[in-house]
Protein chains: 2
Amino acid sequence: MDHYRVKPGDKIDLSEWNPDDHSHYSGSKEDAESEIQSACVQLGLLQQLLAAERKHKVLVILQAMDTGGKDGVVRRVFSETNPQGVRVVSFKVPTAPEADHDYLWRVHQQTPGKGELIVFNRSHYEDVLVVRVHNLVPKNIWSKRYDHINAFEKTLADEGTLILKFYLHISKAEQRQRLLDRLEDPAKNWKFAAGDLKERELWNDYMAAYEDLLNKTSTTYAPWYLIPANHKWYRDFLISKIICSELASLDMKYPQIVEDLSTYRAQLEKESGA
Amino acid sequence: MDHYRVKPGDKIDLSEWNPDDHSHYSGSKEDAESEIQSACVQLGLLQQLLAAERKHKVLVILQAMDTGGKDGVVRRVFSETNPQGVRVVSFKVPTAPEADHDYLWRVHQQTPGKGELIVFNRSHYEDVLVVRVHNLVPKNIWSKRYDHINAFEKTLADEGTLILKFYLHISKAEQRQRLLDRLEDPAKNWKFAAGDLKERELWNDYMAAYEDLLNKTSTTYAPWYLIPANHKWYRDFLISKIICSELASLDMKYPQIVEDLSTYRAQLEKESGA
């Protein structure tokens, strides 16, 4: 797993990262599917423990190009978690009050509280991606945001949040195929927007923006994982394993009940008896 | 005014700052009162401009020991502003959802949007004051917060917020007198709480915490002003002048209406005509 974690100081060149890579798993795709299912069940148990202990906060950030698989990851990897303790937040075009404040204002509001697992399906990183590629604010403004974001995530981490960030790396050819699928399959038509093709024309600009982001904002306290994502099974395999491993390392415990519970048991048993 | 601004790198020793000081005004107290009134009116006009232009955001932070005069400053200095564009936020003991998040979570939510002037009557600085003095979290947690706070304020400033921070410096003897007033005057009894005397016993710890705060969090983008506050008139004089001067330096303009308004005027004039 460590192979896919971007270390501070790394100089990532995305053209050297093969989106078809699945070299760190030696089994078959079917073997992997069964391992994913086990990991999802384990994640369900870890999330229950997280909610019961109410000590840690967990933030998972998903970023990718259109069709990159963010929705697929949410559906699959979190399939065995309890919606009561898990919330998926999608950030759309800012509303008027959101646009009146700094770009982290709406994001901070959605961060997890104790015992919560929050998934950002897109995030504040769009403020150095789409905002940069489309020049929505001048460079002297967006270029300062890498430092803001690192500091923001440092505060969250220092105050008890585990932060895991995943960039789902697909190829331009794979995106073409997935967009064609959306056009051909009536059940997928709704996911297609004409704007997707406009964004696709800016592919190289987005790759440059992603490279900068990976090189500037992968920290010890909030690392990026660069996930090869042309193969959905390999993507889900890596992400589910990484999240489980990181949650397990929190060494969570169910709260100890210090009272003697036998009195309560006796009271209930008496009620049914006679 | 510059005399009272704490510069980055300064080493403040509060025992060297006389709370009775009023040396930077040569007129009488009556002259000062009339200057304060003019400054309040000017602040009202500047705030109207701020709201009309909807470009800048303004955050005023007030910190002081109990009876230090925060409420008095709000009442006097903002007496001529429009409540529609000015909001005073008091941070009390955190609610359960607030306590489940990092300490800046609730604070960030209350920061000003474009055109707004927000006054924090107490603030995130309590998280390195009362929290530190009472050991509400361990030192390895609160000691990291100075950096968090500087980074948080840097983000706000980079994204268009003018931040002005005032520490109202009173003496322990002056606090004693003001607490006695609260006990003696039935109209002021409600402001007294038994806990105030407990806090007063920790005066020296608070002074140490304030010194650290002034030395670590006064920045070019969010400076602290150390206001001698035993004399209410001098306190209000300094604060009203400083806020006016800082707002004036934003060089705000009423939005230009580019349309030709004569058509509308003609339409309305026709209506009233015979």
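Let us look at the structure shown here. (Residues numbered from 1 in each chain as written. Chains lettered and ligands numbered in written order. Predicted model: local features only at pLDDT ≥ 70, side-chain atom pairs only at ≥ 80, totals over all residues. Heavy atoms only, no water.)

**Examining the pattern of salt bridges**
All names here are of chain A. For the structure on display, the rule yields 36 salt bridges over all chains. In this structure, Arg132 and Asp212 form a salt bridge, with 2.8 Å as the shortest nitrogen-oxygen distance. Placement of the pair is Arg132 in helix H5 (residues 130-133) and Asp212 in helix H10 (residues 203-217), with a sequence separation of 80 residues. Assessed through its relative accessible area of 16%, Arg132 is described here as buried. Salt bridges here are not isolated pairs; linked through shared partners, they connect Asp2, Arg5 and Lys7. (Salt bridge = Lys/Arg side-chain N within 4 Å of Asp/Glu carboxyl O. Helix = DSSP H or I, 4+ residues; strand = E, 2+ residues; numbered from the N terminus. Buried < 20%, exposed > 50% of the residue type's maximum accessible area, 1.4 Å probe, protein only.)

**Overview of the interface of chain B and chain A**
The partner chain A presents 26 residues to the 26 residues of chain B that form the contact. Counting each side, the surface lost to burial between chain B and chain A is near 2200 Å², with a carbon and sulfur contribution of 46%. There are four salt bridges connecting chain B and chain A. Glu159 of chain B is the partner of Arg145 of chain A in a salt bridge, and the nearest nitrogen-oxygen pair spans 3.0 Å. At the junction of chain B with chain A, the criterion picks out 21 residue pairs in polar contact (both at pLDDT 80 or more). Looking at the side of chain B that touches chain A, the elements that each hand over two or more residues are helix H4 (105-109) and helix H7 (145-158) of chain B. Tallied by class, residues from the side of chain B that touches chain A come to eight nonpolar, seven polar and eleven charged. (Contact = heavy atoms within 4.5 Å. Buried area = accessible area lost by both parts, 1.4 Å probe. Polar contact = N/O pair within 3.5 Å; in protein donor to acceptor, adjacent residues only side chain to side chain. Nonpolar A, V, L, I, M, F, W, Y, C, P; charged D, E, K, R; others polar.)

**With respect to the relation of the copies chain B and chain A**
Superposing chain B onto chain A takes a rotation of 180° combined with a translation of 0.0 Å along the rotation axis, leaving an RMSD of 0.0 Å. In symmetry terms, the pair is related by a two-fold rotation axis. When C-alpha distances to the rotation axis are compared across chain B, the minimum falls at Ala151 of chain B, with a value of 3.0 Å. Mapped onto chain A, 100% of the interface residues of chain B are again interface residues, and the two copies thus contact each other with one and the same surface. (Least-squares fit on C-alpha atoms with pLDDT ≥ 70 in both.)

**Digging into a nonpolar patch on the surface**
Where nonpolar side chains cluster on the molecular surface, the patch consists of Ile257, Leu261 and Tyr264 of chain A and spans about 300 Å² of accessible area. By the secondary structure assignment, Leu261 of chain A is in the loop between helix H11 (232-248) and helix H12 (262-272). (Patch = residues over 30% accessible without salt bridge, like charges linked within 9 Å, V, L, I, M, F, W, Y side chains within 5 Å. Areas by Shrake-Rupley, 256 points an atom, 1.4 Å probe, with all protein chains shown as cover.)

**As for the environment of Leu45 of chain A**
Residue and element names in this part refer to chain A. Here Leu45 is to be found in helix H1 (residues 29-53). Residue Leu45 is classed as exposed on the basis of its relative accessible area, which comes to 52%. In the structure, Leu45 is positioned 26 residues away from Asp71 in sequence and 22 Å away in space, judged by C-alpha atoms.

**Describing helix H1 (residues 29-53) of chain B**
Residue and element names in this part refer to chain B. Between its first and last C-alpha atoms H1 spans 35 Å; for 25 residues at 1.5 Å apiece the expected length is 36 Å, and the two agree. When H1 is considered as a whole, its buried residues turn out to be Ala32, Ile36, Ala39, Cys40, Leu43, Gly44, Leu46, Gln47, Leu49, Leu50 and Glu53. Considering only its buried residues, H1 is in contact with strand E1 (57-64), helix H2 (70-77), strand E2 (86-90), strand E3 (117-121) and helix H11 (232-248). The first or second residue beyond H1 is Arg54, which carries a positive phi of 50°. (Expected span 1.5 Å × (residues − 1).)

**Some remarks on the environment of Glu30 of chain A**
All names here are of chain A. Its place among the elements puts Glu30 in helix H1. For Glu30, a relative accessible area of 57% translates into the label exposed. Here the alpha-carbon distance between Glu30 and Leu14, two residues 16 residues apart in the chain, equals 29 Å.

**Examining the side chain of Gln175 of chain A**
As for its position among the elements, Gln175 of chain A is in helix H8 (residues 172-184). If near-sequence neighbours (up to four positions away) are discounted, Gln175 of chain A is found in contact with Met65, Asp66, Thr67, Ile170, Arg200 and Trp203 of chain A.

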